[in-house]
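Chain and residue survey
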Amino acid sequence: MTGYVMAATDAGGERLGERVVPTAPTLGEAAAYGDSHRTNYVSVRHGHDDITLYGRDATGTWSLLVAGAPAAVVVELRRRHDALTRPEPDWDDSPAGYEYAPTPGGEYVLTAVDVSGEAFGERVGPTAPALADAAELGELHEADYVVAGRDDGDVVTLYGRDADGSWSVIAADIDVETAEEVCLWFDLTQHYPGRPAAGSGRAGHPLDHVPTPEGGRMTAAQAVSLVVERIRAHRLDYPTQGLAADRFEAGWSVYAPVDVDESDPMAFLDMPVGRSVFLVSDAGRVKEISSAIPPRQAEEMFGAEEAYVRRAPAEERFMADLRDEVMRLDSASGGSAGISSFTVDTPDEEAVAARASRLIAPIAQQLALLGPPGWDHLTAAFSFTVSGEVARLRFRSGNRSTEVRIPEQLAVLVRRQRHLAARMPAGPWWRLLLTVSHSAGTNARITTEYDYGDRPFPDDHLLAPGHYRDDLAAYPRAHTPAWLSAYIGSADGGGPAAHTTAQAAGAATRPTPPQQDRTAPPGPAQPGPVPVLDTLVRRKRLYADPQVITFGRHTLALDQVEWVSYTATHTATKRFLFPTTHDTAWDFAVGKYPYYGGPVVRVHFSQAGRRADQPDEWTFLVNLARRYLEPRLLTDLVSQVRRGETITVGGSVKVDQSGIACPKPRLSVPWESISAVQPHNGMIYVHQVGVEKPVLTVPLSHPNAGLIPDLFAALLP
């Protein structure tokens, strides 16, 4: 997005006026704009998740409420500010949902582009384009890609033409930065021409040059060692002595040499047909190819794959190029500008996490294309290191289940996502678990889990110890799970005995739970090790296991809990003449009705600073609720509705056999009119058939709001 969009809104987010300005407005300018529209709030948007909110209190004084925040935070903060300065009726009588903030009616823009984003032509229309419209524009301008989106929005759909000339939707409803990522991946797998020969006159490709890893290039001896380990691990019929290693830009080509005439440029034809050659990247990835593929072609494609995975994000490349140009100009002028250094700040944790998470949706969309007709649920598991990978994909259609092979092209996109996630404090995930479910006429619901090895991996996801050693060398970590350290250090590392040792290393001794009164019998025993949390938070004891949770003097048995909520919120506050402050809050709560006055256990965590690590205790509580509490709550709610009762979720969303209702925004929607229910940016969005924008949004902080997607899915006809 170029420029800043300044919008005057009411407390519910409805826009009363909008203006695009070239620079960030000051507090005074925002206040003047808000006063001119007789409203109490002005938001300034610059980018997908970069919103600054100004507000006027009951005395008429304007102030900065939050800076650089995502939309969900702005919506919640605006509601809280309005409740404090202009009190409304008690929360139990007020709405849980909020009307979607309408945007000005913008037109749809189709733009034909190349892989670098250069525009060849565009077309503007009042309605959403179809695939045929995108294909027509792409063919007209001889472009392989077309981007479509509202001229007043930040979300686009990317269309592409594959190697066979067929057009398809590559990724839908993504931000522009993610569209660039996915476009580059698609071009790599469908159109990459290899590096241009000297004097060919052909323009270069964004993936022609491979960045050098931070740890430097790998040596020939290291490359050969990795190949020998792979040969032995896979028990390949291939020599392990006398291997040769030839350097190319992305790494090393390791092979068993044969006697050929090196002066002959076609000497590779004398190699045994189908004999394996191993390409080893500087990051440690090993790829086995056939000698039937011309070496230059194989090496260029391997290098392009490495360039894609390790390529710096767009905004970081821009800042690096800007730094180089500024320093070059200063040097050329003999230092007359007086620039001694130019420092590019490292992106904060929130930006890194958002960048990695935004690639999940395109991955899920590509996985969905691999399923059989009529599937309604898929599960995908990726167990990756730099040198070894296991990928599993299974689709379910009713009672039928089908396992599908994940193609190598899609694994490249998953590697890219893992590399981006590696910049988070926890490092790269060891396993990525995805589930996608949908029913006819609804959008898909995606559930993501990053596995950092808190528990030993299943046998069919466990790689050989050497792969984890390679990964730790490529991505050093501050912490490695004890069981994994024991597994990596095992003598043979590959047999069941070693895995048993690893499981024993990961098992925890269960402490004695705090004394409590139980009026209900304990729940059924859970298989495997029982998760237990026993620690101090602000000098209060926090204890949780599958049967009970205690914090300080408040205790609840999980089988008595009637509602649950958990949220994470980051706030950046800019103050005049003072540094910007950053605060992150994590909240977890379980309780019984009534919401006000009933038994409840609330746990609050907070941390100041731009890069706040998610508390392990909060993560434990959330995982405990998802595994041991939410399935029971969901079953009970579904049963009540099917018995003809009316239930309330998310504060004041009424649910019965006919549909849903809410007092504000006042609505009543039958089940057959509900098209999709999706979590997004800390909110639950409810969509209605034929209505583009959500008709209801519910904050995840409200009781049982997180159960709404599964609840509605179970009740939809």
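Residues numbered from 1 in each chain as written. Predicted model: local features only at pLDDT ≥ 70, side-chain atom pairs only at ≥ 80, totals over all residues. Heavy atoms only, no water.

Thoughts on the overall build of the chain
Heads up, the rule is: Per the convention used, a helix needs a DSSP run of H or I reaching at least four residues, while a strand needs a run of E reaching at least two, with both numbered from the N terminus. Burial classes: relative accessible area under 20% of the type maximum marks a residue as buried, over 50% as exposed, and values in between as partly exposed (1.4 Å probe, protein chains only). When checking whether two residues touch, look at their non-hydrogen atoms; a contact exists if any pair is within 4.5 Å. Accessibility throughout is a Shrake-Rupley quantity obtained with a 1.4 Å probe, and a residue counts as covered only by protein chains that appear here.
Within the chain, the regular secondary structure consists of 15 helices and 33 strands. For the chain, the proportion of its 717 residues judged to be buried stands at 44%. In the chain, the share of contacts with a sequence separation of at least 24, taken over all contacts with a separation of at least 6, comes to 55%. Working note: accessible area of the chain is about 35,600 Å², and carbon and sulfur atoms make up 52% of it.

Let's talk about the pairing of strand S30 (residues 666-670)
Our working rule: DSSP bridges decide pairing: two strands pair if at least two such bridges lie between them.
Of the two faces of S30, the one holding Leu667 and Val669 is buried and the one holding Arg666, Ser668 and Pro670 is not buried anywhere. Where strand S29 (residues 659-663) lies against S30, 5 bridges are found, and the strand directions are antiparallel. Residue pairing in the sheet places Ile660 in a bridge with Val669 of S30. Here S29 folds back onto S30, and the loop between the two strands holds 2 residues.

A few points about the packing of aromatic side chains
Heads up, the condition is: In this scheme Phe, Tyr and Trp rings, the latter by its six-membered ring, pair at centre separations within 6.5 Å, and the angle between planes marks the pair as stacked below 30 degrees, edge-to-face above 60, and tilted otherwise. Geometrically, a charge over a ring is one whose NZ (Lys) or CZ (Arg) sits within 6 Å of the ring centre while staying within 35 degrees of the ring normal.
Across all of its chains, the model carries 15 aromatic pairs by this definition. Ring plane angle 90° and centroid distance 5.8 Å describe the contact between Phe382 and Phe384, whose orientation is recorded as edge-to-face. Each member of the pair, Phe382 as well as Phe384, is classed as buried. Measuring from ring centre to ring centre gives 5.4 Å for Trp430 and Tyr468, while their planes differ by 70°; the resulting arrangement is edge-to-face. Taken together, the residues span a long stretch of sequence, with Trp430 in the loop between helix H10 (408-421) and strand S18 (431-437) and Tyr468 in helix H11 (residues 465-474) at a distance of 38 residues. As far as the burial class goes, Trp430 and Tyr468 line up, both buried. A cation sits over an aromatic face here: Arg150 above Tyr108, 5.0 Å from the ring centre. Here the guanidinium or amino end of Arg477 rests over the ring plane of Trp430, the centre of that ring lying 3.8 Å away.

A word on the packing of helix H6 (residues 295-310) against H10
Threshold: Interaxial angles span 0 to 180 degrees and are taken between N-to-C directions of axes, which are lines fitted to C-alpha atoms, for helices over the stretch in contact. When residue character is reported, Ala, Val, Leu, Ile, Met, Phe, Trp, Tyr, Cys and Pro are called nonpolar, Asp, Glu, Lys and Arg charged, and the others, Gly included, polar.
Closest axis-to-axis distance for the H6/H10 pair is 8 Å, and the angle between their directions is 35°. Contact with H6, carried on its side by Glu305, Tyr308, Val309 and Arg310, involves Glu408, Val412, Leu413, Arg415, Arg416 and His419 of H10 and no other residues of that element. A class-by-class count of the residues in the contact of H6 with H10 yields 4 nonpolar, 1 polar and 5 charged.

Concerning the nonpolar core
Nonpolar side chains tend to gather and get buried jointly when the protein is soluble and globular. The cut-off we apply is this: We define the nonpolar core as a collection of buried residues of types Ala, Val, Leu, Ile, Met, Phe, Trp, Tyr and Cys that are connected through side-chain atoms lying within 4.5 Å of one another.
Counting 72 residues, the largest nonpolar core has Trp185, Tyr308, Leu367 and Phe382 as the members making the most contacts within it. Listed in part, the 54 residues of the second largest apolar core include Val564, Val655, Ile660 and Leu715.

Here's the deal with the pattern of salt bridges
We count it as follows: When a carboxyl oxygen of Asp or Glu lies within 4 Å of a side-chain nitrogen of Lys or Arg, that pair is called a salt bridge.
Taken as a whole, this structure holds 25 salt bridges when the rule is applied. The structure contains a network of salt bridges with shared partners spanning Arg285, Lys287, Glu305, Glu306 and Arg310.

Examining unusual backbone geometry
In this structure, the amide linkage connecting Tyr593 to the following residue, Pro594, adopts the cis form with an omega of 5°. One can find Pro594 in the loop between strand S25 (578-591) and strand S26 (600-608). Despite not being glycine, Arg38 has its phi angle at roughly 55°, a positive value. Its place among the elements puts Arg38 in the loop between helix H1 (27-36) and strand S3 (41-45). Here Arg38 falls in the exposed class, since its relative accessible area comes to 79%. The backbone of Arg538 shows a phi angle near 50°, a positive value even though the residue is not glycine. Residue placement: Arg538 occurs in the loop between strand S20 (533-537) and strand S21 (540-544).

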